[in-house]
Structure formats: structure tokens, C-alpha cells
Amino acid sequence: MTTYYAHRGASTMCPENTMAAFRQALREKADGIEIDVQLSKDGEAVVIHDETVDRTTNGTGAVKDLTVLELKQLDAGSWYNQACKDETIPLLEEVLKWIARTDLMLNIELKTDREPYPGIEQVVIDAVKRHDLGERVVLSSFNLETLRRVREISSSASIAVLVWDNVDGIVKCARHLGAEAIHARPGFMHTAESLRAEAAGLPIRLYTVNEPEDLQGIAPGFVDAVFTDSPARLRKALGDTAG
Ligand code: G3P
Ligand code: MG
């Protein structure tokens, strides 16, 4: 039994990072959802994976150059399926309000690996606080400077360090930040750093796991959680019973 986070929501069944995908995650009995957050031109936290709106909406341009009003006019569903044409880019506020009515956990990934989005840490921390969701929210980022600022602003925020492939010293760094976990790709489990994480009692959560084979050679006990595009399908494939 592991914890299942729906990656960008249940993004196989619905357009990623939309309310439809989050509702689908709930229906699929995911334990939590993972969302990506960027800042609009007017400094609002919005939920979208890419730095531009080009791939997942009918618009063009950088998120940072568009106001919330402009972003909200975009169709964030048709690219996936015409039936989803009414989906819009969710505001972080909307997602938090919805999460508060569920018992889902929430992983907010601060997408500052390409755009610095000055002030995003404060915006996100304030929003989580307003909704009193600190106990259910974990903030993650590939950008260690972002996580350092999160820790500076809030000594109690739950932090997870995201790792792509440059893992040297990451466990030390995670401990220094007071991180609660490392979010890594399955290949991380075959590195010396994973043993260090285990020795340090640092849980490892793996992204993105869609097939049982993605966990090949990894002892189930060493994985605290998985991020998957298809929570129900993966749970079934792993022979896990819904929690
Ligand atoms: O947070 C885990 C995973 O979402 C990181 O990669 O590109 O899907 O945001 P990406
Ligand atoms: Mg992400």
C-alpha cells in the first residue's frame, strides 16, 4: 500500500491541471493531487505546467505576460478533447477552496526552474495559510533557491526537494532545508543518494509512475508515494486495494 498522488490531476482521463482532472482524481480515490503553479502578469498564482499557454490552451504567450483576466478567457480543455472546452486554467485559490472540501493531500510544485517568478513563494504560502491547509500541503520545486526562500518565510511549511538527474548532495541539502521528502524519478532509487535518504529517514516519492514496470527493481517498502497520471489504473495494476 502506497500513497497515490494524481500527477497534474488524473491527467490521463482529463486535461492536465484542470478542475476536471482534480475531480477525476477524487473519483479515482487518489490520496492527493500534484499541481504546477506559475505567476500571472498581475502576480496571481495560476495552475499550469508550462511557462507558456501554447501547449495546453487555445492561446499563445508566456504566463508571466498575461493577466488573470486574459488567462481565464482561455480554453484549457479542447487541446485534449473538444468535450472539455469549458475547462479554464485554475487559480491556486480555486484549487485550495476545492481541496478544503475534500480530504485530499496537495502537492504544489513551484515552477521556478525556468522563470524565477519573484515573490511566488510568499503568494503560495499566504494562500495555503488563508485556507488553513498547511497540514495537507507539501511545497516542492526543482529550484533549491525557491525552497530556501520558502523555508525563510515559513519555518513550518512542508517542503519536498524535486530531483531530475543531478542528485549529488541532494540528501544533505534536503536535510538542511528541513524537507519532509525527496520527489525523484525511479532511477534515483538506484543511486547512492537513495541509500543516504533511507539512512537519513527521508521518504522518497517517485514521479511519474504509470506502469508497474516503472517500479521494476525497487522494493515497494522504500517508496513513500507515487505520482501517477492514472491513479485507479495504477492501483489496480499493482494489485493495491483502494484506500
Ligand atoms: O512533481 C513531480 C513532477 O510533476 C515533476 O515534473 O514536469 O511533471 O512537473 P513535471
Ligand atoms: Mg509537476
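Predicted model, so just to flag it, every value in this text is computed and none were measured.

Novice: Would you take a moment to explain the overall build of the protein for this structure?
Specialist: When you go through the protein residue by residue, the secondary structure sums to eight helices and nine strands. Its C-alpha atoms give the protein a radius of gyration of 17 Å, within 12% of the compact-globule value 18 Å for 243 residues. Expressed as a percentage of the 243 residues in the protein, the buried residues total 46%. For the protein, restricting intrachain contacts to residue pairs at least 6 apart in sequence, the fraction spanning at least 24 positions comes to 54%.

Novice: Even after reading the chapter, I still don't get the site of ligand 1, so can you show me in this structure?
Specialist: Taken together, His7, Glu34, Asp36, His49, Glu109, Ser140, Leu162, His183, Tyr207 and Phe227 make up the full set of residues near ligand 1. Each residue belonging to the shell around ligand 1 can be placed in one class, and the counts come to three nonpolar, four polar and three charged.

Novice: What is the right way to read the environment of Gln24 from this model?
Specialist: Within the secondary structure, Gln24 is located in helix α1 (residues 19-27). Separated by 15 residues in the primary sequence, Gln24 and Gly9 place their C-alpha atoms 7.3 Å from one another. Those residues within four positions of Gln24 in sequence are excluded, and the remaining contacts are Gly9, Ala10, Met13 and Cys14.

Novice: Just checking my understanding: could you explain the packing of helix α3 (residues 92-100) against helix α4 (residues 120-130) for this structure?
Specialist: Think of two packed helices as two axes; the pair is described by the angle between the axes and how far apart they sit. With their axes 10 Å apart at the nearest point, α3 and α4 run at an angle of 30 degrees to one another. Taken as axis vectors, α3 and α4 run roughly parallel relative to one another. Crossing hand, α3 versus α4: right-handed. Of α4, the residues touching α3 (which contributes Leu92, Glu93 and Leu96) are Val124, Ala127 and Val128. Classifying every residue of the contact of α3 with α4 by side-chain character gives five nonpolar, no polar and one charged.

Novice: Mind showing me how you'd approach the environment of His176 here?
Specialist: Its location among the elements puts His176 in helix α6 (residues 170-177). By C-beta crowding, His176 is classed as partly exposed, having 14 other C-beta atoms within 10 Å. Considering only alpha carbons, one finds His176 and Leu74, 102 residues apart in sequence, at a separation of 41 Å.

Novice: I would appreciate a short explanation of α3 in the present structure.
Specialist: Given 3.6 residues to a turn, an α-helix orients residues that are three or four positions apart in the same direction. Taken together, the buried positions of α3 are Leu92, Val95, Leu96 and Ile99. Buried residues of α3, viewed axially, fall in a sector of 100 degrees; they line one side. Of the surrounding secondary structure, the elements contacted by the buried residues of α3 are α1, β2 (32-39), β3 (45-47), β4 (105-110) and α4.

Novice: Teacher, can you tell me more about the pairing of strand β7 (residues 181-184) here?
Specialist: Remark: a regular strand shows side chains that alternate across the two faces of the sheet. Side chains Ala181 and His183 project from β7 onto one buried face, and the interleaved Ile182 and Ala184 project onto a second face that is buried too. Here strand β6 (residues 159-162) pairs with β7 via three bridges, running parallel. Paired with Ala160 across the strands is Ala181, a residue of β7. Assessed by its sense of winding, the connection that carries the chain from β6 through α6 to β7 is right-handed. Here three bridges tie β7 to strand β8 (residues 204-206), and the two strands are oriented parallel to one another. Considered in β8, the bridge of Ile182 is made with Ile204.

Novice: I keep staring at the UniProt feature "domain: GP-PDE" (unreviewed entry) in the protein and nothing clicks. Help me out?
Specialist: As recorded in UniProt, the feature "domain: GP-PDE" (unreviewed entry) lies at residues 2-238. Structurally, residues 2-238 is divided into 28% helix and 18% strand, and its ends, taken at the C-alpha atoms, are 10 Å apart.

Novice: Could you clarify how one ought to interpret the confidence of the model for the protein in this entry?
Specialist: Interpretation of this model should avoid reading the predicted coordinates in detail wherever pLDDT is low. Averaged over all residues, the pLDDT of the protein equals 96, while 99% of them reach at least 70. This complex was scored by the predictor with a pTM of 0.98 and an ipTM of 0.99.

Novice: Got a minute to help me understand the packing of α4 against helix α5 (residues 144-153) in this structure?
Specialist: One can describe the packing of α4 onto α5 by two numbers: an axis separation of 9 Å at closest approach and a directional angle of 50 degrees. It follows from the interaxial angle that α4 and α5 lie oblique. Relative to α5, the crossing made by α4 is right-handed. The segment α4 lies against α5, with Glu121, Gln122 and Ile125 engaging Thr146, Arg149, Val150 and Ile153.

Conventions used here
- Residues numbered from 1 in each chain as written.
- Chains lettered and ligands numbered in written order.
- Predicted model: local features only at pLDDT ≥ 70, side-chain atom pairs only at ≥ 80, totals over all residues.
- Helix = DSSP H or I, 4+ residues; strand = E, 2+ residues; numbered from the N terminus.
- Rg over C-alpha atoms; globule rule 2.2 N^0.38 Å.
- Buried ≥ 20, exposed ≤ 12 C-beta atoms within 10 Å, placed from the backbone.
- Contact = placed C-beta atoms within 7 Å.
- Near = placed C-beta within 6 Å.
- Nonpolar A, V, L, I, M, F, W, Y, C, P; charged D, E, K, R; others polar.
- Axes fitted to C-alpha atoms, helices over the stretch in contact; angles between N-to-C directions.
- Parallel < 35°, antiparallel > 145°, perpendicular 65-115°, else oblique.
- Left-handed = near helix turned anticlockwise from the far one by under 90°.
- Arc of directions from axis to C-beta.
- Pairing = 2+ DSSP bridges.
- Right-handed = clockwise from strand over helix to strand, strands pointing away.
- UniProt positions renumbered as here; feature names shortened; annotations may be inferred.
- pLDDT = per-residue confidence, 0-100.

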